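So you can see what is in the structure, the chains are spelled out below.
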Amino acid sequence: MRSSNPVFSRRGFSRDNGHAQFNAAPQAGGPAVGTQQGNPYAGGNPYAGQNPYAQGDQQTYANPYAQDQYGVQAPTTDRMTMDDVVMRTATTLGTLIVTAALAWWFLPIDPANMGKSYGIAIGAGLVAMVLALVQSFKRKASPALILAYAALEGVFLGVVSNVVDNYVANGAAMQAVIGTMAVFTAVLVAYKAGWIRVNRRFYGFVMAAAMGFVLLMAVNLLFAVFGGGDGLGFRSGGLGIIFGIIGVLLGACFLALDFKQVEDGIAYGAPREESWLAAFGLTMTLVWIYMEFLRLIAILQGDD
C-alpha cells in the first residue's frame with residue numbers, strides 16, 4: 001500500500017518478496033477476509049483473495065487464523081497483535097514527548113538565544129524528515145530509525161511549540177494537544193462504528209487532496225522565501241484558517257488509512273515486527289495533526 005502522511009511514499013506492511021498492497025480487513029458491510037473480494041484494490045494485484053503474509057504453499061489459505069481438522073488454531077506468537085501496535089506506538093510517541101519536553105525546558109527562546117535554539121530545531125526537523133524518508137523506502141521496519149525520527153521530531157516540536165506558546169498564542173501547545181487527541185478519538189470511534197469506509201475511492205481522494213495540499217504549501221513557502229512576507233497568504237489570515245482546517249481534516253483521513261493498515265496487518269497475520277510500521281505511521285499522522293492545530297490556533301489568537 002502506498003499510504004498517507006507527510007511522507008506519501010510510506011507503504012503498507014512489507015513481505016519477503018518486497019511487494020506492498022492495501023489489503024481489505026473485515027469491516028461492517030465489507031467483504032470478509034479470505035474472499036476474492038477481500039482487497040478493494042484487487043485490480044492487477046497478484047495477492048487478491050490470498051493471505052499476503054503466508055509463505056510457500058500456505059498462500060492457498062486465505063485466512064491466517066484457520067483451524068486444522070482437530071479445531072486447533074495454528075500458533076500466532078510471531079504475528080502482529082493489537083497489543084504490539086499499542087506498545088510500539090506508545091514507545092514511539094513517548095520518545096517524541098520526552099525529547100519535546102527536554103527541548104522545551106533546556107533550549108532557551110529568549111531574544112538572545114532564540115536564533116541558536118531555532119537553528120537546532122530546524123536541523124533536528126530536517127534530519128527527522130530524512131530518517132522518515134529512509135524508513136519509508138526500506139523493505140523492513142527499523143526500530144532504531146523510527147525511534148531516532150521520533151526523538152529528533154520531538155526536539156523540533158518542543159522548540160516550535162515553546163515559541164508559539166510564549167510569543168504568539170499563550171496556551172496554544174496544550175490546545176493543539178487536546179485538539180489532536182479529540183480528532184484521534186473521533187476518527188477511531190467513527191472507524192470502528194463503520195461510519196468511515198476506507199476503500200479505493202477514499203484512498204484515491206485522500207491522496208489526491210493531500211498531494212495538492214502539500215504542493216500549494218510548497219509554492220507558498222517558495223514565495224515567502226524569495227518574495228518575503230507571507231508568500232501567497234495560504235498560512236495567514238482568512239486563507240490560513242481555511243487551509244488549517246483542511247490540514248486537520250486531511251490528518252483525520254490519514255488516521256483512517258492508518259487504522260485500516262493496522263486492521264489489515266492483524267487480520268492477515270503480518271509479522272510482529274511490522275507493528276513498528278504501524279507505530280511509525282500513526283506517529284507521523286499525529287504530528288501532522290498537531291502542527292496543523294498549532295498553526296490554526298496561532299492564526300486565530302494572533303489576530304486578536
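That block above? That's the structure.
Residues numbered from 1 in each chain as written. Predicted model: local features only at pLDDT ≥ 70, side-chain atom pairs only at ≥ 80, totals over all residues. Heavy atoms only, no water.

Q: Explain the overall build of the protein to me, and be specific about the residues and the numbers.
A: Across its full length, the protein holds seven helices and zero strands. Shown N-terminal to C-terminal, the secondary structure of the protein runs as helices and strands in the order α-α-α-α-α-α-α. Of all intrachain contacts in the protein linking residues separated by at least 6 positions in sequence, the fraction that spans at least 24 positions is 76%. Approximately 14800 Å² of the protein is accessible, and the part contributed by carbon and sulfur atoms is 67%. (Helix = DSSP H or I, 4+ residues; strand = E, 2+ residues; numbered from the N terminus. Contact = heavy atoms within 4.5 Å. Areas by Shrake-Rupley, 256 points an atom, 1.4 Å probe, with all protein chains shown as cover.)

Q: Kindly report on the nonpolar core, identifying the contributing residues and their values.
A: If you look at the biggest cluster of nonpolar residues, it comprises 61 residues, and the most contacted ones within it are Tyr-149, Val-183, Val-187, Phe-202, Leu-255 and Leu-294. At the level of elements, α1 (82-106), α2 (114-137), α3 (143-168), α4 (172-192), α5 (200-227), α6 (237-267) and α7 (275-302) are the ones that each hand at least two residues to this core. Looking at which element gives the most residues to this core, the answer is α7, with 16 residues. Once you skip the residues sitting within four places of it in the chain, Phe-202 turns out to touch Ile-196, Arg-197, Cys-253, Ala-256 and Leu-257. By size, the runner-up hydrophobic cluster in this structure holds eight residues, among which are Ala-103, Ile-109, Ala-121 and Val-159. (Core = buried A, V, L, I, M, F, W, Y, C linked by side-chain atoms within 4.5 Å. Buried < 20%, exposed > 50% of the residue type's maximum accessible area, 1.4 Å probe, protein only.)

Q: Please give an account of the layout of surface pockets that cites residues and values.
A: In this structure, the second largest pocket encloses a volume near 950 Å³. Breaking the lining of the second largest pocket down by element, the ones donating at least two residues are α1, α3, α4, α6 and α7. Among the elements that line the lining of the second largest pocket, the one with the most residues is α1, at 11 residues. Of the residues in the lining of the second largest pocket, the class split is 25 nonpolar, four polar and two charged. (1 Å grid on protein atoms, 1.4 Å probe; cavity = no way out; pocket = protein on both sides within 12 Å on 5 of 7 lines; lining within 4 Å. Points joined across faces, edges and corners; volume = space filled by probe spheres on them. Nonpolar A, V, L, I, M, F, W, Y, C, P; charged D, E, K, R; others polar.)

Q: Give me the lowdown on the pattern of salt bridges, citing residues and values where you can.
A: For the structure on display, the rule yields four salt bridges. In this structure, Asp-264 engages Lys-260 in a salt bridge whose closest nitrogen and oxygen atoms are separated by 3.6 Å. Pair noted here: Asp-264 and Lys-260 are both in helix α6, with a separation of four residues, about one helical turn. Grouping residues by exposure puts Asp-264 and Lys-260 together as buried. What emerges from the salt-bridge pattern is a single network uniting Asp-84, Arg-88 and Arg-272. (Salt bridge = Lys/Arg side-chain N within 4 Å of Asp/Glu carboxyl O.)

Q: Lay out the packing of aromatic side chains with the relevant residues and their values.
A: According to the stated counting rule, one finds six aromatic pairs in the structure shown. Arranged with centres 5.7 Å apart and planes meeting at 85°, the rings of Tyr-149 and Phe-280 form a pair that is edge-to-face. Here Phe-280 lies in helix α7 and Tyr-149 lies in helix α3, a separation of 131 residues in the sequence. Residue Tyr-149 shares its accessibility class with Phe-280, and that shared class is buried. The interplanar angle of 45° and the centroid separation of 6.3 Å between the aromatic rings of Phe-213 and Phe-243 together place this pair among those described as tilted. Here Phe-213, found in helix α5, pairs with Phe-243, found in helix α6; they are 30 residues apart in sequence, far enough to count as distant. (Phe/Tyr/Trp six-rings, centres within 6.5 Å; stacked < 30°, edge-to-face > 60°.)

Q: Can you lay out α5 for me, pointing to particular residues and giving the numbers?
A: If you check α5, its first and last C-alpha atoms are 40 Å apart, about what 28 residues at 1.5 Å a residue would give, namely 40 Å. Looking only at α5, the buried set comprises Phe-202, Tyr-203, Val-206, Met-207, Ala-210, Phe-213, Met-217 and Asn-220. Its side-chain oxygen at 3.3 Å from the backbone nitrogen of Arg-201, Asn-199 defines the N-terminal cap of α5. (Expected span 1.5 Å × (residues − 1). Polar contact = N/O pair within 3.5 Å; in protein donor to acceptor, adjacent residues only side chain to side chain.)

Q: Before we move on, could you go through the side chain of Thr-92 and cite the residues and values that matter?
A: Mapped onto the elements, Thr-92 comes out in helix α1. Apart from residues no more than four positions distant in its own chain, Thr-92 is found in contact with Ile-146, Leu-147, Ala-150, Trp-276, Ala-279 and Thr-283.

Q: Just give me the short version of the environment of Asp-165, but keep the residues and values in it.
A: Here Asp-165 lies in helix α3. You can call Asp-165 buried: its relative accessible area is 13%. On a C-alpha basis, the gap between Asp-165 and Ala-298 in space is 8.5 Å, while along the polypeptide they are 133 residues apart. Separated by 3.0 Å, the side chain of Asp-165 and the backbone nitrogen of Ala-172 make a polar contact.

Q: Please set out α2 residue by residue, giving values where relevant.
A: Along an α-helix, a turn takes 3.6 residues, which lines up residues three or four apart on a common side. The terminal C-alpha atoms of α2, which comprises 24 residues, lie 35 Å apart, in line with the 34 Å expected from a rise of 1.5 Å per residue. Among the residues making up α2, those that are buried are Met-114, Ser-117, Ala-121, Ala-124, Gly-125, Ala-128, Leu-131, Ala-132, Gln-135 and Ser-136.

Q: Go over the side chain of Asn-220 with me, naming the residues and quoting the values.
A: Structurally, Asn-220 can be placed in helix α5. Since its relative accessible area comes to 6%, Asn-220 is described here as buried.

Q: Report on the packing of α5 against α6, specifying residues and quantitative values.
A: For any two helices packed against each other, one specifies the inter-axial angle together with the distance between the axes. Viewed as axis vectors pointing N to C, α5 and α6 meet at an angle of 140°, and their least axial separation amounts to 10 Å. It follows that α5 is oblique to α6 by the angle criterion. Considering how the two elements wind past one another, α5 and α6 form a crossing that is left-handed. When α5 is examined against α6, the residues Phe-202, Tyr-203, Val-206, Ala-209, Ala-210, Phe-213, Leu-216 and Met-217 are found in contact with a partner set consisting of Phe-243, Ile-246, Gly-247, Leu-250, Cys-253, Phe-254, Ala-256 and Leu-257. (Axes fitted to C-alpha atoms, helices over the stretch in contact; angles between N-to-C directions. Parallel < 35°, antiparallel > 145°, perpendicular 65-115°, else oblique. Left-handed = near helix turned anticlockwise from the far one by under 90°.)

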